[in-house]
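# A closer look at the structure
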Amino acid sequence: MDILEQLTKTDELTNRNISEIKACYRCLDDIAPDHYRQVAAYLVWHWGIHDIRCAGIGGGQGAGKSTLAKLLEEAGRFYGKRVVALSIDDFYYTKSQRRVLSSEIHSLLETRGPPGTHDVEALITSVENLLLIGDVPVPVFDKGLDDRTGERLIRGRVQHVVVEGWCVGATAVPSDTLKQPINNLELTRDQKGIWRSYVNEALSTRYSRLNSQIAQQIFLKVPSMDAVKRWRLDQERERPFGQRMTKDQVNQFVDHYERVTQEMLRVLPHTADLVIDLDPEHCIANISRN
């Protein structure tokens, strides 16, 4: 229970509190990573005590954001709280909408993922309505098809909303830092910097408004971009064979994410409320607070 001890060392917990958190941990899906079960059991308890209505989980691809989000929903049921996780990925623009962005602004905007390819306004509205009125329809995005496939209806008010996604918590950078390309994608396909400037502008406006809704930012800190590529490739192996990307395709895809991911690795360890350091084997190496 060393992870749980790290999480609770700054809280004034009674023996009853500790027993309750441990009981929640033990009831969570035992197929899920043990350390994420401990984090989920603690966080939902913590949110109830501190009245945290909206939390964000950000971090590199393959860090385990979706796994943690599902465990948080499960932990909510243990505590008698309604926890709903929204993935920013479900709010990707449709394929046809991204094609319009591609033709009107820059060809790289046809590729889903970077800031500027999500309907952030709809996500913000969904969060607000879930906490106020319930019965909220949210889109469903199929990554294999690279398009939306409909929507799901979330019924009833909820106590806590979790927004998870690789760029949740990311912030804009000074425009002069965008001049130099950082990888081959930017060098060959964004020579004038139009795409990365558009991404940065989206972060400074729409995504900033999303960040302002989040009362607790959780950052899953990946050890390196190499780990992101390896973990992203592991995710591909879980998809139907005909919808998988190859290793080279994954590496090229992750290039779209590199600049923002590197900036998150620089900034969020100092600004996120809870920082969870992951080692190359995908285990928690350390937990810290700001």
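Residues numbered from 1 in each chain as written. Predicted model: local features only at pLDDT ≥ 70, side-chain atom pairs only at ≥ 80, totals over all residues. Heavy atoms only, no water.

A few words on the overall build of the chain. Within the chain, the secondary structure is distributed over twelve helices and eight strands. Relative to a compact globule of 290 residues, whose C-alpha radius of gyration would be 19 Å, the chain shows 19 Å and is just as compact. If you line up the chain on its principal axes, its C-alpha atoms span 60 × 40 × 40 Å. Buried residues in the chain amount to 53% of all 290 residues. Considering only contacts in the chain between residues 6 or more positions apart, those separated by 24 or more positions represent 73%. With an accessible surface of roughly 13,600 Å², the chain has 47% of that area assigned to carbon and sulfur atoms. Averaging the positions of the 37 positive and the 40 negative side-chain charges in the chain gives two centres separated by 1 Å. (Helix = DSSP H or I, 4+ residues; strand = E, 2+ residues; numbered from the N terminus. Rg over C-alpha atoms; globule rule 2.2 N^0.38 Å. Buried < 20%, exposed > 50% of the residue type's maximum accessible area, 1.4 Å probe, protein only. Contact = heavy atoms within 4.5 Å. Areas by Shrake-Rupley, 256 points an atom, 1.4 Å probe, with all protein chains shown as cover. Lys, Arg positive; Asp, Glu negative; His and termini not counted. Charge placed at Lys NZ, Arg CZ, Asp CG, Glu CD.)

Let's shift gears to the layout of surface pockets. Rolled over the atoms, a probe with the dimensions of a water molecule shows which regions are left empty. Approximately 1,100 Å³ is the volume attributed to the largest pocket. Forming the walls of the largest pocket are 41 residues, and the residues nearest its centre are Gly64, Lys65, Ser66, Thr67 and Gln235. Going through the elements one at a time, helix 3 (34–50), helix 4 (65–79), strand 2 (83–87), strand 3 (136–142) and helix 10 (225–236) are the ones with two or more residues in the lining of the largest pocket. Sort the elements by how many residues they give to the lining of the largest pocket and helix 4 lands first, with eight residues. Looking at the second largest pocket, its volume works out to about 430 Å³. (1 Å grid on protein atoms, 1.4 Å probe; cavity = no way out; pocket = protein on both sides within 12 Å on 5 of 7 lines; lining within 4 Å. Points joined across faces, edges and corners; volume = space filled by probe spheres on them.)

One way to put it is that helix 2 (residues 15–27) packs onto helix 3 with a least axis distance of 8 Å and a crossing angle of 135°. If you check the angle between helix 2 and helix 3, you find them oblique. In the packing of helix 2 onto helix 3, the handedness of the crossing is right-handed. Across the interface between the two elements, Asn17, Glu20, Ile21, Cys24, Tyr25 and Arg26 of helix 2 pack against Asp34, Arg37, Gln38, Ala41, Tyr42 and Trp45 of helix 3. In terms of residue class, the contact of helix 2 with helix 3 is built from six nonpolar, two polar and four charged. (Axes fitted to C-alpha atoms, helices over the stretch in contact; angles between N-to-C directions. Parallel < 35°, antiparallel > 145°, perpendicular 65-115°, else oblique. Left-handed = near helix turned anticlockwise from the far one by under 90°. Nonpolar A, V, L, I, M, F, W, Y, C, P; charged D, E, K, R; others polar.)

Before going further, it helps to spend a moment on the pairing of strand 1 (residues 54–59). A regular strand places its side chains on the two faces of the sheet in alternate fashion. In terms of burial, strand 1 is a largely internal element, six of the six residues being buried. Residues Cys54, Gly56 and Gly58 of strand 1 are buried on one face, and the alternating residues Ala55, Ile57 and Gly59, pointing to the opposite face, are buried as well. Note: strand 1 against strand 5 (residues 160–164), four bridges, orientation parallel. Its bridge partner being in strand 5, Cys54 is matched across the sheet by Val161. Of the pairings in the sheet, the one linking strand 1 to strand 6 (residues 216–221) comprises five bridges and is parallel in character. Each bridged residue has a counterpart across the sheet, and for Ala55 the counterpart in strand 6 is Gln216. (Pairing = 2+ DSSP bridges.)

Our next topic: empty space enclosed by the protein. In this structure the tally under the stated criterion is one cavity of 30 Å³ or more. Its boundaries defined by the atoms lining it, the largest cavity holds a volume of some 30 Å³. The wall of the largest cavity is formed by Gly59, Gly60, Trp166, Phe219, Val222, Thr261, Met264 and Leu265. In terms of residue count, helix 12 (residues 258–271) provides more of the lining of the largest cavity than any other element does, three residues in total. Looking at side-chain class alone, the lining of the largest cavity contains five nonpolar, three polar and no charged residues.

This next bit is on the state of the cysteines. The bond known as a disulfide is covalent and runs between the sulfur atoms of two cysteines. Applying the stated criterion across every chain yields a total of zero disulfides. Left unpaired, Cys27 is separated from the closest cysteine sulfur, that of Cys24, by 4.8 Å. By relative accessible area, Cys27 is classed as partly exposed at 40%. (Disulfide = S-S within 2.5 Å.)

Aromatic ring pairs: the centre-centre distance and the angle between the two ring planes describe each pair. Per the stated rule, a full pass over the model turns up five aromatic pairs. Between Tyr42 and Trp45 the ring centres are 6.1 Å apart and the planes differ by 40°, which places this aromatic pair in the tilted class. Taken as a pair, Tyr42 and Trp45 lie in helix 3 at a separation of three residues, close to a single helical turn. As far as burial versus exposure is concerned, Tyr42 and Trp45 are alike and both buried. On the basis of an interplanar angle of 65° and a centroid distance of 5.1 Å, the ring pair of Phe253 and Tyr257 is categorised as edge-to-face. The buried category is assigned to Tyr257, whose relative accessible area is 2%. Through a chain of ring-to-ring contacts, three or more aromatic side chains come together here, namely Trp166, Phe253 and Tyr257. Here the guanidinium or amino end of Arg37 rests over the ring plane of Tyr25, the centre of that ring lying 4.5 Å away. (Phe/Tyr/Trp six-rings, centres within 6.5 Å; stacked < 30°, edge-to-face > 60°. Lys NZ or Arg CZ within 6 Å of the ring centre and 35° of its normal.)

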